[in-house]
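Residue-level structure breakdown
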Amino acid sequence: MNNPALPRAVIFDLDGVVVDTAHLHFIAWQRLAQRIGIDIDMAFNEQLKGISRRDSLAKILAYGGMDNAFTADEREVMAEQKNREYVGLLNGLTTADILPGIRELLRTLREQGVLTGLASVSQNAGHVLSVLGLQADFDYVADTRHIMFSKPDPEIFLAVCDALKVLPSCAVGIEDAQAGIDALCAGGIFAIGIGSTLRGAQYRLDDTAGLTWAAITQQWKRHQAGN
Ligand code: BG6
Ligand code: MG
């Protein structure tokens, strides 16, 4: 099937796209890593974006040469500690942390009749949306209980397309993580990247401020025309 003249759905990542929480995940991981003698920095953190809690911990332990230093139960405890730290940091979250342009974009998508989905692997996604009062802005929010694989596997994006009854080729996905861009590309979804270091996106912006429906449709049409 040919792609439609305009996208039928826009699928958002949460942390680092809708809301400025990506750095809170980093702070929480950094504190946990420090306690076991592993130093992680912002550059390393790029590898953790979009990755589930358990997989993130595995990456940190591998980075510190501690792959086999902890039992499965100890890892569970560490992941839980990181989450407590993160949820504590979320106490300071307000609507002022919604990233620039996102509210306006969500409003325009509603007006234009474009479906909206959320594809976050975060188990805190529901809580964050409710704190921000954004639940009603999404037609479908991925249920992490039914997602087996972290990004870069496309599973979560394809599950959202399925729930919205939209073909992947008719959807746009917005991501701040390389794993997320890779997942979108693997799923055949038009990928918009937010961040200067991302590779492989059909359209890339440094931040969300320029993320308007006009810009998205312009890039979509350019892509359809093969430019
Ligand atoms: C993603 C974040 O959205 O959610 C990752 O980019 C995070 O950094 C992942 O690890 C899982 O989040 P949570 O809240 O379930 O630990
Ligand atoms: Mg993200």
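Before reading on, note that the structure itself is shown above.
For the structure given in this document, a descriptive report is provided here. (Residues numbered from 1 in each chain as written. Chains lettered and ligands numbered in written order. Predicted model: local features only at pLDDT ≥ 70, side-chain atom pairs only at ≥ 80, totals over all residues. Heavy atoms only, no water.)

**Some remarks on the packing of helix H1 (residues 22-35) against helix H4 (residues 72-90)**
The cut-off we apply is this: Angular values range over 0 to 180 degrees, each being the angle between N-to-C directions of two axes fitted as lines to C-alpha atoms, with helices fitted over their stretch in contact. Numbering of helices and strands starts at the N terminus; helices are DSSP runs of H or I of at least 4 residues and strands are runs of E of at least 2. Roughly parallel here means an angle under 35 degrees, roughly antiparallel means over 145, roughly perpendicular means 65 to 115, and every remaining angle is called oblique. Here a crossing is called left-handed whenever its near helix is offset anticlockwise from the far helix by less than a right angle, and right-handed whenever the offset is clockwise. In this description, contact between two residues means that some pair of their heavy atoms is separated by no more than 4.5 Å. For this classification, the nonpolar set comprises Ala, Val, Leu, Ile, Met, Phe, Trp, Tyr, Cys and Pro, the charged set comprises Asp, Glu, Lys and Arg, and every other residue, Gly included, is treated as polar.
Look at H1 against H4: their axes get within 9 Å of each other, and the N-to-C directions meet at 140 degrees. Classified by the interaxial angle, the pair formed by H1 and H4 is oblique. Between H1 and H4 the crossing geometry is right-handed. Of H4, the residues touching H1 (which contributes Leu-24, His-25, Ile-27, Ala-28, Trp-29, Arg-31, Leu-32 and Arg-35) are Met-78, Gln-81, Lys-82, Glu-85, Tyr-86, Leu-89 and Leu-90. The residue inventory of the contact of H1 with H4, partitioned by class, reads nine nonpolar, two polar and four charged.

**With respect to the site of ligand 1**
Condition: Nearness here has a simple test: a residue counts as near a molecule or strand if at least one of its heavy atoms is within 4 Å of that partner. Here a polar contact means two N or O atoms within 3.5 Å. Within protein one must be a hydrogen donor candidate and the other an acceptor candidate, and residues neighboring in sequence count only if both atoms are side-chain atoms. Computed with the Shrake-Rupley method and a 1.4 Å probe, the accessible areas treat only the protein chains shown as cover for residues.
Near ligand 1 lie 14 residues; those nearest to it are Asp-15, Arg-53, Ser-122, Gln-123 and Asn-124. Between an oxygen atom of ligand 1 and a main-chain N or O atom of Ile-51, the distance comes to 2.8 Å. Within the side chain of Ser-122, a nitrogen or oxygen atom sits 2.6 Å from an oxygen atom of ligand 1. Burial of ligand 1 by the protein amounts to 97% of the accessible area it has alone, namely 400 Å².

**Focus on the sheet that holds strand E4 (residues 171-175)**
Threshold: One requirement defines pairing of two strands: DSSP has to find at least two bridges between them.
Strands sit in the order E3-E2-E1-E4-E5-E6 across an open sheet of six strands; the sheet is parallel. With one partner strand each, in any of the chains shown, strand E3 (140-141) and strand E6 (203-205) form the two edges of the open sheet. Contacting strand E1 (9-12), strand E2 (115-118), E3 and E4, helix H7 (residues 155-164) runs over the sheet at an angle of about 145 degrees to E2.

**Structural notes on the packing of H1 against helix H3 (residues 53-63)**
Close contact between H1 and H3 brings their axes to 11 Å; oriented N to C, the two are set at 45 degrees. The angle between H1 and H3 falls in the class oblique. Pair H1 / H3 crosses with right-handed handedness. In this structure, H1 uses Trp-29, Leu-32 and Ala-33 to contact H3, whose residues at the interface are Arg-53, Ser-56, Leu-57 and Ile-60. Partitioning the contact of H1 with H3 into residue classes produces five nonpolar, one polar and one charged.

**Let's talk about the environment of Leu-106**
Counted only if it meets this: Any residue under 20% of the maximum accessible area for its type is buried, any over 50% is exposed, and the rest in between are partly exposed; the area is computed with a 1.4 Å probe on protein chains only.
With respect to the element layout, Leu-106 can be found in helix H5 (residues 102-112). We classify Leu-106 as buried; its relative accessible area is 1%. For the pair Leu-106 and Leu-93, spaced 13 residues apart in sequence, the C-alpha separation works out to 20 Å. Filtering out sequence-adjacent residues up to four positions away, Leu-106 remains in contact with Phe-12, Thr-116, Leu-134, Asp-137 and Phe-138.

**Structural notes on the side chain of Ser-122**
Relative to the elements of secondary structure, Ser-122 occurs in the loop between E2 and helix H6 (125-132). Given the relative accessible area of 12%, Ser-122 is considered buried. In this structure the side chain of Ser-122 is engaged in a polar contact, spanning 2.9 Å, whose partner is the backbone nitrogen of Asn-124. For Ser-122, the contacting residues outside a window of four places in its chain are Asp-15 and Thr-144.

**What to know about the nonpolar core**
Note the cut-off: In these notes, a set of buried Ala, Val, Leu, Ile, Met, Phe, Trp, Tyr and Cys residues joined through side-chain atoms within 4.5 Å is what counts as a nonpolar core.
With 37 residues, the main nonpolar core has Phe-12, Val-18, Ile-174, Ile-192 and Leu-211 as its most contacted residues. Dropping the residues within four chain positions of it, Leu-211 is found in contact with Gly-101, Ile-102, Leu-105, Ile-174, Ile-192, Ile-194, Leu-205 and Ile-216. In this structure, Ala-119, Ile-147, Ile-156 and Ala-183 belong to the second largest nonpolar core, which totals 20 residues.

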